[in-house]
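What follows is the residue order along each chain.
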Amino acid sequence: MSFFEKWKAVAAMIFVEFALAVVNALFKKVLSRGMNQLVITTYRFSIAAIILTPIACFLERNFISNLTGRVVCSLFFSALLGGTLTQYFFLIGLKYTSTTFSCAFINMVPINTFIMTLLLGQENINMKCKSGRAKALGTLCCLGGALILTLYKGMPLINQSTPEVEVNHNIKRWIVGSSFLFAGSLVWSSWFLIQARIGKDYPYQYSSTAIMSFLGAIQSAILSLVIDRNTSSWFLKGTLEISTVIYAGMVGSGLCYVVMSWCVKQKGAVFTSAFSPLIQIFAAVIDISILHEQIHLGSILGSILVIIGLYILLWGKSKDTQNNLKNSPTTEKNGQATLPVTSSPSHT
């Protein structure tokens, strides 16, 4: 195997995580300038639908004939949960916090999904084996990290000369932002449960994503008009806003989704999920060097716990998959675990 063949999947995932970190940084910039969250979501999903529809028509030519009323209904609620509401909650949370901080909650999505599958009886933990203990330990580490992120802001690590009045104001914003980010991660986690069923009934990933992007754009536009009827917010102001929605739609939702789908097919979901913490590292570099955002001790400690817990859980899931492969020769190749691949709240 050549050097390129061996490392191209790794290079592809590093590119994806960096590209998505740039998406979040651009969102933070335009949100701080007053751009409406739902307007961003509408434009992003619209561009994603335009980009993905030709790909779906070329690669999945029979997708229309397999559309049923049940599938369309499932796609509608999937777009509502995984698209409109997730984007809305995450963008509000991003507005009140920072890019690095919001990415920590993205890393929590696999853990939230795992807990939901436990409660629904779709997953189990066998404490008698290493994989079961690893899944339990990883879940506890992530929950501990989430509590630290939400309840403990800590001292600033970059510029410690912030006035006390501003500190108290920032703490209130931090709590509000944390609440929306946590809500967004829960809603997005529930989306994966619906998506798992859609994948069985309608195994056309490009067309289903294009349809969900189209439905998400309509839902976001309607919700925006209900909440804020100021039509002037729909006019993009300046090069930054225009380039942000185009980049987010074409790269964040279009190109990155195609690359991640290819990586899952080549290497499996566990391999692809293992790169998700990179987005937080890239976001931290952009936050400090370009956006000049503040980094706090609580964010660092909480993020470290979340990332450690994520990798422990992924290791446990990979061991489960290996055991299943040994016991069942018809199991899927590449060890594709049931945990979701997470990089951005709207890679769909």
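Up top is the structure these notes are about.
## Quick word on the environment of Val 245
Assignment of secondary structure puts Val 245 in helix α9 (residues 238–267). Each C-alpha atom of the pair Val 245 and Val 23 lies 9.0 Å from the other, and the pair is 222 residues apart in sequence. Filtering out sequence-adjacent residues up to four positions away, Val 245 remains in contact with Met 35, Tyr 43, Arg 44, Ile 47 and Leu 236.

## Remarks on helix α3 (residues 69–96)
Helical periodicity: at 3.6 residues per turn, an α-helix aligns residues three or four positions apart in one direction. Counted at 1.5 Å a residue, the expected span for α3 with its 28 residues is 40 Å, and the 39 Å between its end C-alpha atoms agrees. Its maximal kink placed at Thr 86, α3 deviates by approximately 35 degrees.

## As for the packing of helix α2 (residues 37–59) against α9
Two elements in contact, α2 and α9, have axes separated by 8 Å at closest approach and are oriented at 45 degrees. Taken together, the axes of α2 and α9 lie oblique to each other. The chirality of how α2 crosses α9 is right-handed. Facing α2, whose interface residues are Tyr 43, Arg 44, Ile 47, Ala 48, Ile 51, Leu 52 and Ile 55, α9 presents Val 245, Ile 246, Ala 248, Gly 249, Met 250, Gly 252, Ser 253, Gly 254 and Val 258. Residues belonging to the contact of α2 with α9 are distributed by class as follows: 11 nonpolar, 4 polar and 1 charged.

## Details of the pattern of salt bridges
Enumeration according to the criterion identifies 1 salt bridge in this entry. We note a salt bridge from Asp 201 to Arg 70, for which the minimum N-O separation is 3.5 Å. Residue Asp 201 is found in helix α7 (residues 164–201), and its partner Arg 70 is found in helix α3; the two are separated by 131 residues along the sequence. On the basis of relative accessible area, Asp 201 is assigned to the partly exposed category, the value being 35%.

## Structural notes on the packing of aromatic side chains
When we look at a pair of aromatic rings, we describe it by the centre distance and by the angle of the planes. Tallied over the full model, the rule gives 9 aromatic pairs. Ring centres 5.9 Å apart and planes at 75 degrees place the aromatic pair Tyr 43 and Trp 234 in the edge-to-face group. With Tyr 43 in helix α2 and Trp 234 in the loop between α8 (205–227) and α9, this pair connects stretches of sequence that are 191 residues apart. By relative accessible area, which is 26% here, Tyr 43 ends up partly exposed. According to the relative accessible area criterion, Trp 234 is buried, its value standing at 17%. The interplanar angle of 40 degrees and the centroid separation of 6.1 Å between the aromatic rings of Phe 89 and Phe 180 together place this pair among those described as tilted. Of this pair, Phe 89 sits in helix α3 while Phe 180 sits in helix α7, placing them 91 residues apart in sequence.

Criteria and cut-off values
Residues numbered from 1 in each chain as written. Predicted model: local features only at pLDDT ≥ 70, side-chain atom pairs only at ≥ 80, totals over all residues. Heavy atoms only, no water. Helix = DSSP H or I, 4+ residues; strand = E, 2+ residues; numbered from the N terminus. Contact = heavy atoms within 4.5 Å. Expected span 1.5 Å × (residues − 1). Bend = angle between axes of the 7 residues up to and from the residue. Axes fitted to C-alpha atoms, helices over the stretch in contact; angles between N-to-C directions. Parallel < 35°, antiparallel > 145°, perpendicular 65-115°, else oblique. Left-handed = near helix turned anticlockwise from the far one by under 90°. Nonpolar A, V, L, I, M, F, W, Y, C, P; charged D, E, K, R; others polar. Salt bridge = Lys/Arg side-chain N within 4 Å of Asp/Glu carboxyl O. Buried < 20%, exposed > 50% of the residue type's maximum accessible area, 1.4 Å probe, protein only. Phe/Tyr/Trp six-rings, centres within 6.5 Å; stacked < 30°, edge-to-face > 60°.

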